[in-house]
Amino acid sequence: MIKCCMADRRIHKAAFFILMILCCDTVLMAQTVNGKILKTVTEHKGPVISSTHPDVLASNNKSGFETGQVIKLNGLYHMFVNEMFDRPHRDLRIAYWTSTDAENWKRQSTIVNSIPGRTATNPRSEVWVSTVIFNEEENAWNIFYVAYRAGDSTKGEIAGNDYEGRIWRAKSVMPGREGIAGPYADMSIVLQPDEHSQAWEGQQAIASFFPYKVNNKWYAIYDGHYHTPKGPWPDGMAFADKLSGPWTRMPEGFNPIPIADTFTENAVVSRLKDGRYMMVFDSFGDQEIGYSLSTDGVHWAKETRVKVQRKESTWAENGDHFTRTPLCAIEEEDGTFTVVYTAMMLVNGKRFYAIGKCSMAWQ
């Protein structure tokens, strides 16, 4: 029986890699649409949510925003985003905002709070939202977010870094699409460091988790990173029959996926009107984000970077990690894409991670 199972796994893996090779040419051609690439066509002058926004001041948000997702439902934009209410990338909560035009935003509520006290023994000292998606099977909205602990310096870890990310799934209490505003109840951890962890994932994994559906199968993009020795920030993939799991990592050799040489983080995946899949993500470059296209939702092309702020209207600081994370690339009726993103600006000499907005199109 054991020999039979091992043989089955070898056959499955061999078939998997044959499929990957057969799809290679298609994937390499998938990064353009009729020979065109994404370019910014219009942009909001300055951030749409800055340090002076009334709801930022009312909620005592000192450091701004990072990671999350914006979705459009019945003409309304819904943003689930991390608020760094005190120290940047340390003190976090997940908040819910709405807008009719993706420019004028109103804060509605706090969805998830972290547990105060960032220590090596507190597994929820940070909470980072990755995904908001409607689960038809449950008739409810699901939120996926990662929770970390701090490093343990007594064990040689870096106290200021994130360790052992665990992906939580929370479900809206109110059924139906009208339940998007919450409240949300934690259901389970769907992916975490365990005996199935892969060598490339590093000490931070699981970092970020974005599930999406391809036919009758669910796939997810997830991140990893080595703090020591310091390594790149690669992506891997997992799959499941149900959104609620159980989730299984793709085999090593397929993981990590070769989207960028050094850095990708916080992917957001959407299905395009032409049937292909597009992933937008935090990448390197001044005022740039990255994107990748896929014909089948499994095999992804090498990244293309695109400016979200043009030279004459730049407000974010220069640097690889200062224009941060796209929260969406929503394909509108006119064929343009609404992109909402986070980026760092200096306010009285201090860092504030504001929310920006631009529109892109194939050119």
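Bear in mind the structure is a predicted one, so any value in this text is a computation, not a measurement.

### Description of the sheet that holds strand 16 (residues 288-294)
Here comes step 1: On the basis of which strands lie adjacent, the open sheet formed by four strands has the order 14-15-16-17 and antiparallel pairing. Either end of the sheet is taken by a strand with one partner, and the two such strands are strand 14 (265-271) and strand 17 (304-307). Averaged over all neighbouring strand pairs, the angle between strand axes comes to 30°, with direction disregarded.
Here comes step 2: Across five bridges, the pairing between strand 14 and strand 15 (residues 277-282) is antiparallel. Paired with Arg271 across the two strands is Tyr277, which belongs to strand 15.

### A look at the confidence of the model for the chain
Here comes step 1: Considering every residue of the chain, the mean pLDDT works out to 91; 91% of them sit at 70 or more.
Here comes step 2: Below pLDDT 50 for its whole length, residues 1-29 participates in 17 contacts with residues either more than four positions away or in separate chains.

### A short note on the nonpolar core
Here comes step 1: Counting residues in each nonpolar core, the largest one holds 57 residues, and the members touching the most others are Met79, Trp105, Tyr212, Met278 and Trp300.
Here comes step 2: If sequence neighbours within four positions are ignored, Tyr212 has contacts with Lys217, Trp218, Tyr219, Ala220, Ile221, Met237, Val269, Tyr277, Gly297 and Trp300.
Here comes step 3: Within the second largest apolar cluster, 25 residues are counted, among which are Leu92, Leu243, Phe322 and Tyr353.

### A short note on the environment of Val269
Here comes step 1: Considering the arrangement of structural elements, one finds Val269 in strand 14.
Here comes step 2: For Val269, a relative accessible area of 8% corresponds to the buried category.
Here comes step 3: For the pair Val269 and Ala343, spaced 74 residues apart in the sequence, the C-alpha separation amounts to 20 Å.
Here comes step 4: If near-sequence neighbours (up to four positions away) are discounted, Val269 is found in contact with Phe210, Tyr212, Ile221, Met278, Met279 and Trp300.

Rules used throughout
Residues numbered from 1 in each chain as written. Predicted model: local features only at pLDDT ≥ 70, side-chain atom pairs only at ≥ 80, totals over all residues. Heavy atoms only, no water. Pairing = 2+ DSSP bridges. Helix = DSSP H or I, 4+ residues; strand = E, 2+ residues; numbered from the N terminus. Axes fitted to C-alpha atoms, helices over the stretch in contact; angles between N-to-C directions. pLDDT = per-residue confidence, 0-100. Contact = heavy atoms within 4.5 Å. Core = buried A, V, L, I, M, F, W, Y, C linked by side-chain atoms within 4.5 Å. Buried < 20%, exposed > 50% of the residue type's maximum accessible area, 1.4 Å probe, protein only.

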